[in-house]
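Listed below, chain by chain, are the residues.
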Amino acid sequence: MVKTITFDQLKTAVENAYAACKDLQGGQNAHYIPYLANVDSGLFGISVCLPDGRVISVGDTDYRLGIESVSKVHTAILALRQQGAQSLLEKIGADATGLPFNSIFAILLENDHPSTPLVNAGAIAACSLVEPVGNAEAKWKAIVDNMTDLLGGAPQLIDELYQSESATNFQNRSIAWLLRDYDRLYDDPAMALNLYTRQCSLGVTAEQLAISAAAIAADGRNPVTGKQVFDAALAPKIVSLMATAGFYQHSGDWLYTAGLPAKTGVGGAIIGVVPGLCGLCAFAPPLDNAGNSVKAQAALKHLMNSLSLNVFSNTHYELAG
Ligand SMILES: NC(=O)CC[C@H](N)C(=O)O
């Protein structure tokens, strides 16, 4: 069934989701990264970007937040662009782990590949895959350029976050060297880890993240700049990765209740994609025990449910007016 939805209906739904969730309590800031522990936990915003480039924003959507694991989506797109879908499947994988984002156990269990570029192991492997191999600065430029194209504007490194994370990322160091031992890194391990840590420390706004999600919803075309960033055939690949592992051990529960392929980060942002209709981002720093923002989850669920939107349903929405 095809239903139409107007811009005003969408705007009202965003405003209602914001109002319904803004006083929600629960969760705590990422405590294992000192910079994030000290971010104002009252920040909250929602942005939705449409394939025609219009953006609906409520709340703190121009605050420069730490992108953290949401960056795994952008760099997975870069790896898909450079390597193609089949190579990404063989070199990293597209599976769920059912385990936390920094799980070493997941690597031990599935030692033929790191499972998915959307957990730490696979994201470090994705950074190792980025071309040109062996050249840290050129790889970093490729990562930032790709992200800039997706966001429709440049991300900015939050140096304090980068220092904070580099000084405390002991578990990620173990992951990088374990992957190296299994021959599942495709460049220098320390370099790949450093690129991963730097990309997680990029500062972006919720509005920029919604635009990047809308580029996925619009078959690879950034709706604000009009630039075709990646091949349309890759869009379902990245959406399937998000659906499978975007919420780590809670991915199934999330899909079941929200009907939205989405990806979270410990900076408090969540991006979601409704193919053909819109890209979404909700942001609030306090997290649940899996590292997923409590308020952003509630806001996105509210928004999806209030419009009866669900990517698995037989109802497909088209934007009118
Ligand atoms: N889930 C996340 O956002 C984790 C990202 C963080 N940089 C880490 O590696 O621990």
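Residue positions are given per chain, counting from 1 as you read along its sequence in written order. The model is predicted, so local features are restricted to residues of pLDDT at least 70 and side-chain atom pairs to those at 80 or more, both for listing and for counting; the totals for chains, interfaces and linings are taken over all residues. Values shown for side chains rest on all heavy atoms present in the structure; no hydrogens or waters enter the calculation.

Per an unreviewed UniProt entry, the chain goes by the name Glutaminase and belongs to Adlercreutzia mucosicola. UniProt positions are given in the numbering used here, feature names are shortened, and annotations may be inferred rather than shown by experiment. Checking UniProt for the chain, the heading Sequence similarities (unreviewed entry) contains the comment "Belongs to the glutaminase family." Reading the Catalytic activity (unreviewed entry) entry of the UniProt record for the chain gives the comment "L-glutamine + H2O = L-glutamate + NH4(+)".

Chemist: Quick question: what am I supposed to make of the packing of aromatic side chains here?
Modeler: The relative placement of two aromatic rings is captured by the distance of their centres and the angle of their planes. When the centres of two rings from Phe, Tyr and Trp lie within 6.5 Å, Trp using its six-membered ring, the rings pair. Their planes under 30 degrees apart give stacked, over 60 give edge-to-face, and anything left gives tilted. Taken as a whole and judged by the stated rule, the model has 5 aromatic pairs. Summarising the aromatic geometry, the rings of tyrosine 18 and phenylalanine 44 are spaced 4.8 Å apart at their centres and angled 5° between planes, so their arrangement reads as stacked. One end of the pair, tyrosine 18, is in helix H1 (residues 7-21); the other, phenylalanine 44, is in the loop between helix H2 (34-37) and strand E2 (45-49), and 26 residues separate them in sequence. Between tyrosine 32 and phenylalanine 101, the aromatic rings sit 6.4 Å apart at their centres with planes inclined by 35°, giving tilted as the arrangement. Placement of tyrosine 32 in the loop between H1 and H2 and of phenylalanine 101 in the loop between helix H4 (85-91) and helix H5 (105-109) is noted, with a sequence separation of 69 residues between them. We classify phenylalanine 101 as buried; its relative accessible area is 12%. Through successive ring pairs, a cluster of aromatic residues spans Tyr32, Phe101 and Tyr248. Positioned over the ring face of tyrosine 186 is lysine 91, at 6.0 Å from the centre of the ring. By the criterion adopted, a ring carries a charge over it if an Arg CZ or a Lys NZ lies within 6 Å of its centre and within 35 degrees of its normal. A cation over an aromatic ring shows up here: lysine 295 above the ring of phenylalanine 44, its NZ or CZ 5.1 Å from the ring centre. Going along the chain from the N terminus, every DSSP run of H or I of four or more residues is numbered as a helix, and every run of E of two or more is numbered as a strand. Exposure classes here rest on a 1.4 Å probe applied to the protein chains alone. A residue is buried below 20% of its type maximum, exposed above 50%, and partly exposed in between.

Chemist: Any chance you could explain the site of the ligand here in plain terms?
Modeler: The full set of residues close to the ligand is Tyr32, Glu68, Ser69, Phe101, Asn120, Glu165, Asn172, Tyr196, Cys200, Tyr248, Gly265 and Val266. Polar contact criterion, stated in full: a pair of N or O atoms within 3.5 Å, where within protein one must be able to donate a hydrogen and the other to accept it, and residues adjacent in sequence count only if both atoms are side-chain atoms. Contacts to the ligand include glutamate 68, whose side-chain N or O atom sits 2.6 Å from a nitrogen atom. Residue asparagine 172 places a side-chain N or O atom 2.8 Å away from an oxygen atom belonging to the ligand. Here the open area of atoms and residues is found with the Shrake-Rupley method and a 1.4 Å probe, where only the protein chains shown may cover a residue. Taken by itself the ligand offers 300 Å² of open surface, and the protein chains cover 98% of this. Distances are taken per atom, and a residue is near a molecule or strand as soon as one of its heavy atoms is within 4 Å of it.

Chemist: For this particular structure, what's the right way to read the nonpolar core?
Modeler: The nonpolar side chains of soluble globular proteins are, as a tendency, buried together. The definition of a nonpolar core used throughout is a set of buried Ala, Val, Leu, Ile, Met, Phe, Trp, Tyr and Cys residues joined through side-chain atoms within 4.5 Å. Of all hydrophobic cores here, the largest spans 78 residues; its most connected members are Leu209 and Ile216. Considering each element in turn, this core owes the most residues, 9 residues, to helix H11 (residues 206-217). Sequence-distant contacts of leucine 209, that is, excluding residues within four places in its chain, are made with Leu65, Ile67, Val70, His74, Leu151, Val204, Ala269, Ile271 and Cys281. Ranked by size, the runner-up nonpolar core spans 35 residues in total, among them Ile46, Leu300, Leu303 and Met304. By definition in these notes, contact holds between two residues if any of their heavy atoms fall within 4.5 Å.

Chemist: Which parts of the structure should I look at to understand the sheet that holds strand E7 (residues 262-264)?
Modeler: Where strands meet in a sheet, backbone hydrogen bonds hold them as pairs that are either parallel or antiparallel. For two strands to pair, DSSP has to find at least two bridges joining them. If you walk across this open sheet you meet the 5 strands as E3-E2-E9-E8-E7, and the pairing is antiparallel. Both edges of this open sheet fall to strand E3 (55-59) and E7, since each of them pairs with a single strand only. Neighbour-to-neighbour, the strand axes of this sheet turn through a mean angle of 10°, independent of strand direction. Across 6 bridges, strand E8 (residues 269-274) lies against strand E9 (residues 278-283) in antiparallel orientation. What sits directly across from glycine 272, in E9, is leucine 280. An axis is simply a line fitted to the C-alpha atoms; with a helix, the fit covers only the stretch in contact. Between two such axes, the angle follows the N-to-C directions and lies from 0 to 180 degrees. Against the sheet, H11 engages E2, E3, E8 and E9, with an angle of about 150° to E9.

Chemist: How do you make sense of the UniProt feature "binding site: substrate" (unreviewed entry) in the chain when you look at a structure like this?
Modeler: Those places that UniProt annotates as "binding site: substrate" (unreviewed entry) correspond, in this numbering, to Ser69, Asn120, Glu165, Asn172, Tyr196, Tyr248 and Val266. Checked against the element boundaries, asparagine 120 lands in helix H6 (residues 120-129). In this structure asparagine 120 touches Ser69, Lys72, Phe101, Asn102, Asn172, Ile175 and Tyr196, once residues within four positions along its chain are discounted. Tracing the sequence through the fold places asparagine 172 in helix H9 (residues 170-181). Dropping the residues within four chain positions of it, asparagine 172 is found in contact with Asn102, Asn120, Ile124, Leu193 and Tyr196.

Chemist: Looking at this structure, I do not really get the environment of isoleucine 46. What am I missing?
Modeler: Within the secondary structure, isoleucine 46 is located in strand E2. Overall, the relative accessible area of 0% leaves isoleucine 46 in the buried class. If near-sequence neighbours (up to four positions away) are discounted, isoleucine 46 is found in contact with Val14, Ala17, Tyr18, Ile56, Ser57, Val58, Thr61, Cys281, Ala282, Ala299 and Leu303.

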